[in-house]
Amino acid sequence: MTGLRSLPTPVTARAHGKINLHLGVGDAGADGYHELVTVFEALGTPETVTLTPAAQDSVEVVGRYATAGVPLDERNLALAAVSAFRERTGWDGRVAITIDKNVPVAGGMGGGSADAAAALVAVAHLAGMTDRAVLTEIAEGLGADVPFALLGGIALGRGRGDDLTRVLSRGTHHWVLATSTGQLSTTEVYARLDDLRHEGEAEDSARLGEPEGVLTALASGDVEKLAAHVHNDMTEAAVSLLPDIARVMDEGRRAGAHAVLLSGSGPTVGFLAQDAKHALELAVLLEASRGVREVVRTTGPAPGAHVVD
Ligand code: ATP
């Protein structure tokens, strides 16, 4: 047909925020990075990223957690993912990126990494590229949590958290998340952990041992056993920067959560429930807690980054 130009077809992809069922942090290496042993679980809190072919790149952020804190220039991780894809593959398209944020920003749930992973699978779809191994390689260059956001499910991470092995797990986990009125910078929490260890004040450190208890509990599908073994080495450091976290954790314990777990470097706190009914009860009790911005019920494990219709 003459005179009509077809509209560019958008591609939408989704990737999920995560909680670390285990986070063991070693000492900082010469490069400043801490070696980790961690068990990631992807949760049903999605970041939805839409790429529309355009004359030039752009980024907008919409949705529940759209805030001024997310950069809209080349520092944006979704745009960084598209740029890295172009560099690696020679594809030369430009895209308008829309990020629908459902993961709290700077909450320790890897929302930015999920944006990068979703953008990667979306741009690969636009470019007609199907080699997932190449995407994993690009993801490794974008950030330590990006390969897991791409993979999803439950995985053991070593190194900087990007050397991943899938973990066998049975059943669904019911989580209540308490997002915080405060934000924490991951870098600052690591620095505080180093200081506390230096002063001999950081205790209960799991460091780099194998998280046998968590892995066995996941394989058995026993929620109470899992609750008994979840652990996060960052907890003390995060609490010392944002004391409200301790209050929220105590309220979750009092409300009867099986486990109370800081998500990554915080400040989001996860409460593990027995089932959906228990999660609803916990959520109601936590709604009124001081320092809690919002209470979100979700389940895990959730899938890795994928294109949606
Ligand atoms: P980290 O991955 O550093 O542990 P986090 O999981 O706590 O962080 P994120 O939501 O990824 O939380 O936010 C970390 C930082 O990255 C914040 O400063 C936030 O503004 C920024 N950020 C969030 N989303 C994006 C994005 N798509 N691109 C770039 N930065 C982002």
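Being a predicted model, the structure only gives us computed values, none of them experimental.

The next point concerns the overall build of the chain. Within the chain one finds 10 helices and 12 strands. Computed over the C-alpha atoms, the radius of gyration of the chain is 20 Å, within 12% of the 19 Å expected from 2.2 N^0.38 for a compact globule of 309 residues. With the C-alpha coordinates of the chain rotated into their principal frame, the extents come out at 70 × 45 × 40 Å. Classification of the 309 residues of the chain by burial places 51% in the buried group. When contacts within the chain are restricted to residue pairs at least 6 apart in sequence, those whose partners lie at least 24 apart make up 76%. Carbon and sulfur atoms make up 49% of the accessible area of the chain, which totals about 13,900 Å².

On to the packing of helix α1 (residues 77-89) against helix α2 (residues 111-127), then. It is the contact of α1 with α2, at a shortest axis distance of 7 Å, that shows an interaxial angle of 40°. The pairing of α1 with α2 is recorded here as oblique in orientation. As for the relative orientation of α1 and α2, their crossing is right-handed in sense. Counted together, Leu77, Ala78, Ala81, Val82 and Phe85 of α1 and Gly112, Ser113, Asp115, Ala116, Ala119, Leu120, Val123, Ala124 and Ala127 of α2 form the full contact between these two elements. The residue makeup of the contact of α1 with α2, split by class, is 11 nonpolar, 2 polar and 1 charged.

A few words now on the site of the ligand. If you check the shell around the ligand, you find 19 residues, and the closest are Leu77, Gly108, Gly110, Asp115 and Thr186. The backbone of Gly107 places a nitrogen or oxygen atom 3.5 Å from an oxygen atom of the ligand. Relative to its unbound accessible area of 600 Å², the ligand is 78% covered by the protein chains. Ranked by residues supplied to the shell around the ligand, first place goes to α2 with 3 residues. Here the residues of the shell around the ligand sort into 8 nonpolar, 8 polar and 3 charged.

What follows concerns the side chain of Arg86. Looking at the secondary structure, you find Arg86 in helix α1. Sequence-distant contacts of Arg86, that is, excluding residues within four places in its chain, are made with Asp57, Trp91, Asp92, Gly93 and Arg94.

What follows is about the sheet that holds strand β7 (residues 173-180). Across the sheet, which stays open at both edges, the 4 strands sit in the order β9-β10-β7-β11 with antiparallel pairing between neighbours. Bordering the open sheet on either side are β9 (259-262) and β11 (292-300), each of which pairs with just one other strand. Across the sheet, the mean angle separating the axes of adjacent strands is 25° when strand polarity is ignored.

Following Gly266, the chain continues into Pro267 via a peptide bond in cis, with omega recorded as 5°. Within the element layout of this structure, Pro267 appears in the loop between β9 and β10 (269-273). Note the cis peptide between Gly300 and Pro301, where omega equals 0°. Of note, the phi angle at Ala106 is positive, near 55°, even though the residue is not glycine. By secondary structure assignment, the location of Ala106 is in the loop between β4 (95-100) and α2.

Criteria and thresholds
Residues numbered from 1 in each chain as written. Predicted model: local features only at pLDDT ≥ 70, side-chain atom pairs only at ≥ 80, totals over all residues. Heavy atoms only, no water. Helix = DSSP H or I, 4+ residues; strand = E, 2+ residues; numbered from the N terminus. Rg over C-alpha atoms; globule rule 2.2 N^0.38 Å. Buried < 20%, exposed > 50% of the residue type's maximum accessible area, 1.4 Å probe, protein only. Contact = heavy atoms within 4.5 Å. Areas by Shrake-Rupley, 256 points an atom, 1.4 Å probe, with all protein chains shown as cover. Axes fitted to C-alpha atoms, helices over the stretch in contact; angles between N-to-C directions. Parallel < 35°, antiparallel > 145°, perpendicular 65-115°, else oblique. Left-handed = near helix turned anticlockwise from the far one by under 90°. Nonpolar A, V, L, I, M, F, W, Y, C, P; charged D, E, K, R; others polar. Near = heavy atom within 4 Å. Polar contact = N/O pair within 3.5 Å; in protein donor to acceptor, adjacent residues only side chain to side chain. Pairing = 2+ DSSP bridges.

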